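Single-letter residue listing:
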Amino acid sequence: MARAEGAYLGVALGDALGATVEFMTPREIAHEYGVHRELKGGGWLRLKPGRVTDDTTMSLALGEAIIKDQGEVRPLSCARAFDAWMRAKPVDIGNTVRRNLIAFRRSGDPEAASSEHDAGNGAAMRVLPVALATFGRPEDAVRACVRAQAHVTHHNAMSDAACEFLALAVQDFLRGKSLREVFLQRIQPLVKAYPAFEFRHRPRRENPSGWIVETIQAVLQAVVDVGGFENCLVDVVNRGGDSDTTGAIAGMLCGALYGVEALPPRWLKTLDPAVREACIGQARGLLGASVSA
Ligand code: MG
Ligand code: MG
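Residues numbered from 1 in each chain as written. Chains lettered and ligands numbered in written order. Predicted model: local features only at pLDDT ≥ 70, side-chain atom pairs only at ≥ 80, totals over all residues. Heavy atoms only, no water.

K.L.:
I would appreciate a short explanation of the coordination of the magnesium ion (ligand 2) in the present structure.
P.N.:
On the protein side, the magnesium ion (ligand 2) has E22 (OE), D242 (OD), D244 (OD) and T245 (OG1) as donor atoms, found 2.0 to 2.6 Å from it. The metal-metal distance between the magnesium ion (ligand 2) and the magnesium ion (ligand 1) comes to 3.7 Å, with D244 coordinating both. For the residue pair D242 and T245, the accessibility class agrees, reading buried in each case. (Donors = N, O, S within 2.8 Å, 3.2 Å for Na, K, Ca; no water. Buried < 20%, exposed > 50% of the residue type's maximum accessible area, 1.4 Å probe, protein only.)

K.L.:
What exactly am I supposed to notice about the environment of A19 here?
P.N.:
Tracing the backbone through its elements, the reader meets A19 in helix α1 (residues 2–19). Classification of A19 by relative accessible area gives buried; the value is 0%. C-alpha of A19 to C-alpha of L39: the two residues are 20 residues apart in sequence and 9.1 Å apart in space. Apart from the residues lying within four places of it in its own chain, the contact partners of A19 are G42, G43, L47, T53 and D244. (Helix = DSSP H or I, 4+ residues; strand = E, 2+ residues; numbered from the N terminus. Contact = heavy atoms within 4.5 Å.)

K.L.:
Looking at this model, I keep getting lost on helix α11 (residues 229–237). Mind explaining?
P.N.:
Since there are 3.6 residues in each turn of an α-helix, residues three or four apart along the chain are aligned in direction. For α11, a buried count of eight out of nine residues is recorded, marking the element as mostly surrounded by other parts of the structure. Taken together, the buried positions of α11 are occupied by F229, E230, C232, L233, V234, D235, V236 and V237.

K.L.:
Hey, could you run me through the nonpolar core in this one?
P.N.:
As a rule of thumb, soluble globular proteins bury nonpolar side chains together. Ranked by size, the top nonpolar core spans 98 residues in total, and within it L128, L132 and F197 carry the most contacts. With near-sequence residues (within four places) excluded, L132 lies in contact with A4, Y8, L174, A283, L286, L287 and S290. (Core = buried A, V, L, I, M, F, W, Y, C linked by side-chain atoms within 4.5 Å.)

K.L.:
Would you mind showing me how to read the packing of aromatic side chains here?
P.N.:
Two aromatic rings are characterised by how far apart their centres lie and by the angle between their planes. Going through the model one piece at a time under the given rule, you end up with three aromatic pairs. Judged by centre distance (6.2 Å) and plane angle (65 degrees), the ring pair of Y194 and F197 falls under edge-to-face. Using a relative accessible area of 31% as the deciding quantity, one classes Y194 as partly exposed. For F197, a relative accessible area of 0% puts it in the buried group. (Phe/Tyr/Trp six-rings, centres within 6.5 Å; stacked < 30°, edge-to-face > 60°.)

K.L.:
In this structure, what is going on with the packing of helix α9 (residues 179–193) against helix α10 (residues 212–225)? I would like to understand it.
P.N.:
Packed helices, taken two at a time, are described by their axes: the angle between them and the distance between them. Their axes nearest at 12 Å, the elements α9 and α10 cross at an angle of 160 degrees. One finds that α9 runs roughly antiparallel with respect to α10. Pair α9 / α10 crosses with left-handed handedness. Along its contact with α9, which presents L179, F183, I187 and L190, the element α10 presents I216, L220, V223 and V224. Its residues assigned to classes, the contact of α9 with α10 comprises eight nonpolar, no polar and no charged. (Axes fitted to C-alpha atoms, helices over the stretch in contact; angles between N-to-C directions. Parallel < 35°, antiparallel > 145°, perpendicular 65-115°, else oblique. Left-handed = near helix turned anticlockwise from the far one by under 90°. Nonpolar A, V, L, I, M, F, W, Y, C, P; charged D, E, K, R; others polar.)

Here it is as C-alpha cells:
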C-alpha cells in the first residue's frame with residue numbers, strides 16, 4: 001500500500017513540480033531558478049503552488065471510473081469519464097486527447113482510430129490507475145486493460161509499448177522488485193523490442209517533447225542513473241520540455257520504487273490538499289479492487 005500511495009502521489013508531485021518549467025529549455029530554467037526544486041507554481045499556466053495539471057486530473061478521472069466499475073477497465077466508461085473531465089474545462093489538455101474525445105462525442109465509439117501520428121505521451125501519463133486496479137492479474141490481462149484505456153485517445157504502437165511497460169514496471173515495484181531486477185526484466189527487453197527507446201547510449205535527453213519516445217528516454221535516464229525520489233524528479237524536470245509529464249511519469253515509477261516514505265514532506269505539504277486526499281483514496285480503492293478481482 002505504501003508503494004501504491006507513493007506512486008499516485010508521485011504522479012501529482014512530479015506534475016506540480018514540472019508544471020512550473022513546462023516548455024522551458026534547461027538554459028532558461030537555470031537562468032530563472034538555478035536548480036528548480038520547489039513546488040512554487042507559476043509557469044505558462046500561472047498555477048498556484050502545489051496545483052496539478054491534466055496528467056494528474058486525467059488519472060483521477062480514470063481511477064474514479066475504474067473504481068465505479070469495481071476494478072474493471074471498460075473503454076466506454078473511460079471515454080465518458082475523460083469526456084466529462086474535458087467538459088469541466090481542465091487547465092490544460094493535449095491536442096490528441098481533445099481531437100479523439102471530440103471524435104468520441106460524434107461516433108460514440110470509445111476506441112480512437114489507429115494512427116501512426118498519435119504517439120504522444122498522453123495515454124502513458126495517466127496509466128497508473130490501471131496498473132493498480134489490475135495488480136495480481138496475468139500479464140496479458142494487464143496489457144489488454146492498459147490498451148483499453150490508452151486507445152480511447154492514443155491508438156498507437158509506441159504509446160502502447162510505453163503504457164504496458166510502465167504499468168508492468170509499477171507492478172514489479174509494488175511486489176518489491178529492485179531497480180536492478182526491473183532494469184534486467186523490463187527496461188532492457190523494452191529497448192530490445194523498440195530500439196527507439198534506447199536511452200543509455202544517447203546523450204542526455206534535454207527538452208523532451210510530448211512524443212512518447214523522448215519522454216521515456218528522459219524518464220529512464222533519470223530513473224536509472226539518478227538515485228532517490230527527489231533527486232530523480234529534480235533531474236528530469238530541469239531538462240525542461242514536457243516537464244510536467246516527465247515529472248509525473250518519473251514520479252509514478254519512483255514513488256512505486258521508493259515508497260511513500262521517500263516523498264519529500266515539504267512537497268506533500270504544498271500539494272493541493274484535495275488532490276493529495278484523492279490520490280491516497282484512489283490508491284487504496286484501486287488496489288482494493290485488484291485484490292478482490
Ligand atoms: Mg499537464
Ligand atoms: Mg505536459
